[in-house]
Amino acid sequence: MINHQEKKHILIISEEPRVLAELKSELTDHFDISITATSTAALAAMEIYEMSAIVIYIYENRKMAFSIFTEIFGFAKSKNIPITFLTERGNDDDENTAFAMGAVDYSAKRPGTADALINRIKLRINSSENEKKLISSNEGLSSGENAPEMVLVNKTILVADDVELNRDIIKTVLSGIEGLTVEFASNGKEAVDKFSKAPNLYSLILMDVQMPVMDGLEATRAIRRLSCENAREIPIIAVTASADEKEIELCLRAGMNDILVKPVSYENIIAVAAGHCNKNKTSDNP
């Protein structure tokens, strides 16, 4: 048995008593464990204990699990605490959503797989600790002007998407960047209206292609036709589930600058957003 002093502290979040009892029985010899059912309790636990990992269990209430993740992600990310999703019923859509939101793992809990789960959690903890050491040894570099996140500080991004979960994902992905403001539109027309009222407020637009009222292609064309300042210069990034040649051609012909393919990951959205914001800033300089 592992010495108690060597155990890492993990937080398990679930509303299912049976699952919590099983996980506690399987993991207690390897980890110190805290258990919560809500995001408020999870945040309080993270304030009290030095958590090494968080496990969120997805059961019947999928939306609740993703909502909890959204509410704790910013704080967990600031402390470099990896979050994994655990489920009894694997689902490709859920898995894609989990990774896009910033989870480090998504796995199924089945009878006889306790050792595999323990090893996966330990692997994520080790990866996180190695990342902390790397950040600590390169603090000057990571906070430099060229770091992608630094390019987005004090910027405002407009996100147009009709699906609430997609908006939550992007909000979660970007929530860890201090000083970045994210505004939302639920369809293309709303995006055009928001931009036309404050054209110099936004540094970038993330535009879903398929939306009601006005789709992303027509919204982009409408923005490019505006006579206001910044209408032709602002980077507009297509967010789409399809990346075939026809879709790419339609997006570029509409006036979009780049394409992000769903599910959108933290690394991709930060790299693309920072790249275009930096390019736009450079082109504005004499």
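Scroll up a little and you will see the structure.
Quick look at the structure, then. Along each chain, the written sequence defines residue order, and numbers are assigned to residues from 1. pLDDT decides what is reported in this predicted model: residues at 70 or higher carry local features, side-chain atom pairs at 80 or more are listed and counted, and totals for whole chains, interfaces and linings draw on all residues regardless. By convention in this description, side-chain values take in all heavy atoms of the structure and omit both hydrogens and water.

With that settled, consider the overall build of the chain. Runs of H or I in DSSP of at least four residues are treated as helices and runs of E of at least two as strands, each being numbered from the N terminus. For the chain, the count of helices and strands is 12 helices and 10 strands. Reported accessibility uses the Shrake-Rupley method at a 1.4 Å probe radius. Residues are deemed covered only where the shown protein chains occlude them. Summing over all exposed atoms, the chain offers an accessible surface of approximately 14,800 Å²; the carbon and sulfur share of this is 48%.

Another point: the environment of Ile125. Secondary-structure assignment places Ile125 in helix H5 (residues 114–137). With a relative accessible area of 2%, Ile125 lands in the buried category. Taking the C-alpha atoms as reference points, Ile125 and Ile83, 42 residues apart in sequence, are found 9.8 Å from one another. Contact partners of Ile125, with chain neighbours within four places excluded, come to Lys8, Ile10, Phe31, Ser52 and Ala53. Buried residues are those whose accessible area, probed at 1.4 Å on protein chains only, stays under 20% of the maximum for their type, while exposed residues exceed 50% and partly exposed ones sit between those limits. By definition in these notes, contact holds between two residues if any of their heavy atoms fall within 4.5 Å.

Moving on: the sheet that holds strand S4 (residues 83–87). Strand pairing is assigned whenever DSSP detects at least two bridges linking the two strands. Across the sheet, 5 strands lie side by side as S2-S1-S3-S4-S5; this open sheet has parallel pairing. Pairing within the sheet leaves two strands with one partner each, and these edge strands are strand S2 (31–36) and strand S5 (105–108). Averaged over all neighbouring strand pairs, the angle between strand axes comes to 25 degrees, with direction disregarded. To get an axis, a line is fitted to the C-alpha atoms, and for a helix only the part in contact is used. The angle between two axes follows their N-to-C directions and goes from 0 to 180 degrees.

With that out of the way, let us pick up helix H3 (residues 62–78). Given a helix with a known number of residues, its expected span is that number minus one, times 1.5 Å. Counted at 1.5 Å a residue, the expected span for H3 with its 17 residues is 24 Å, and the 25 Å between its end C-alpha atoms agrees. Bend is computed residue by residue as the angle between axes fitted to the seven residues ending at the residue and the seven residues starting at it. The sharpest bend along H3 comes to roughly 50 degrees, located at Ile72. Among all positions in H3, only Ala65, Phe66, Ile68, Phe69, Ile72, Phe73 and Ala76 are buried. Looking one or two residues past H3, Asn80 carries a phi angle of roughly 55 degrees, positive in sign.

A few words now on the packing of helix H2 (residues 39–48) against H3. Close contact between H2 and H3 brings their axes to 9 Å; oriented N to C, the two are set at 20 degrees. Here H3 runs roughly parallel to H2, going by the angle between their axes. Judged by the sense of rotation from one axis to the other, the crossing of H2 with H3 is right-handed. In this structure, H2 contributes Ser39, Ala42, Leu43, Met46 and Glu47 to the contact, and H3 contributes Ile68, Glu71, Ile72, Phe75 and Ala76. Charged means Asp, Glu, Lys or Arg here, nonpolar means Ala, Val, Leu, Ile, Met, Phe, Trp, Tyr, Cys or Pro, and polar covers whatever is left, Gly included. Tallied by class, the residues present in the contact of H2 with H3 amount to 7 nonpolar, 1 polar and 2 charged. Under this scheme an angle from 65 to 115 degrees is roughly perpendicular, one under 35 degrees roughly parallel, and one over 145 degrees roughly antiparallel; angles in between are oblique. Crossing handedness: left-handed means the near helix sits turned counterclockwise from the far one by under a right angle, and right-handed means the same turn made clockwise.

Among the 5 residues of strand S6 (residues 156–160), 5 are classified as buried, and the element is accordingly described as predominantly covered. Pairing of S6 with strand S7 (residues 181–185), which is carried by 5 bridges, proceeds in the parallel orientation. Within S7, the position partnered with Val159 by the bridge is Phe184. By convention a crossover is right-handed if, when the strands point away from the viewer, the path from the first strand over the helix to the second runs clockwise. In the classification by handedness, the crossover that spans S6, the intervening helix H8 (residues 164–174) and the parallel S7 is right-handed. Summarising the sheet, S6 and strand S8 (residues 204–208) pair through 4 bridges and their orientation is parallel. Residue pairing for S8: Leu158 is matched across the bridge by Ile205.

In this section: the packing of aromatic side chains. Any Phe, Tyr or Trp ring, taking Trp's six-membered ring, that has another such ring centre within 6.5 Å forms a pair; planes under 30 degrees apart are called stacked, those over 60 apart edge-to-face, and the others tilted. Under the definition given, this model contains 4 aromatic pairs. Note on Phe66 and Phe85: the rings are 5.2 Å apart at their centroids and 55 degrees apart in plane angle, and the pair reads as tilted. Within this pair, whereas Phe66 is found in helix H3, its partner Phe85 is found in strand S4, the two being separated by 19 residues in sequence. Note on accessibility: Phe66 and Phe85 belong to one class, buried. What links up through ring pairs into an aromatic cluster is the set Phe66, Phe69, Phe73 and Phe85.

Turning our eyes to something else, we now look at the nonpolar core. Judged by nonpolar contacts, the single largest core of 47 residues is most densely connected at Ile54, Ile56, Ile72, Phe85, Leu206 and Ile269. In this structure Ile72 touches Ile13, Ser39, Ala42, Leu43, Met46, Ile54, Ile56 and Ile83, once residues within four positions along its chain are discounted. Counting residues in hydrophobic clusters, the runner-up holds 23 residues, among them Phe195, Tyr202, Leu217 and Ala254. Buried Ala, Val, Leu, Ile, Met, Phe, Trp, Tyr and Cys residues that are joined via side-chain atoms within 4.5 Å together make up what is termed a nonpolar core.

Let us now look at helix H11 (residues 245–254). For H11, the set of buried residues is Glu247, Cys251 and Ala254. In a view along the axis of H11, the buried residues occupy a sector of 65 degrees, so they form one face of it. Counted as exposed and oriented over 90 degrees from the buried face of H11: Glu245, Lys246 and Arg253. In this structure, the buried residues of H11 make contact with helix H10 (216–225), strand S9 (236–240) and strand S10 (258–261). Remark: Gly255 follows H11 within two positions and exhibits a positive phi of approximately 115 degrees. Here, the arc refers to the directions that run from the helix axis to the C-beta atoms.

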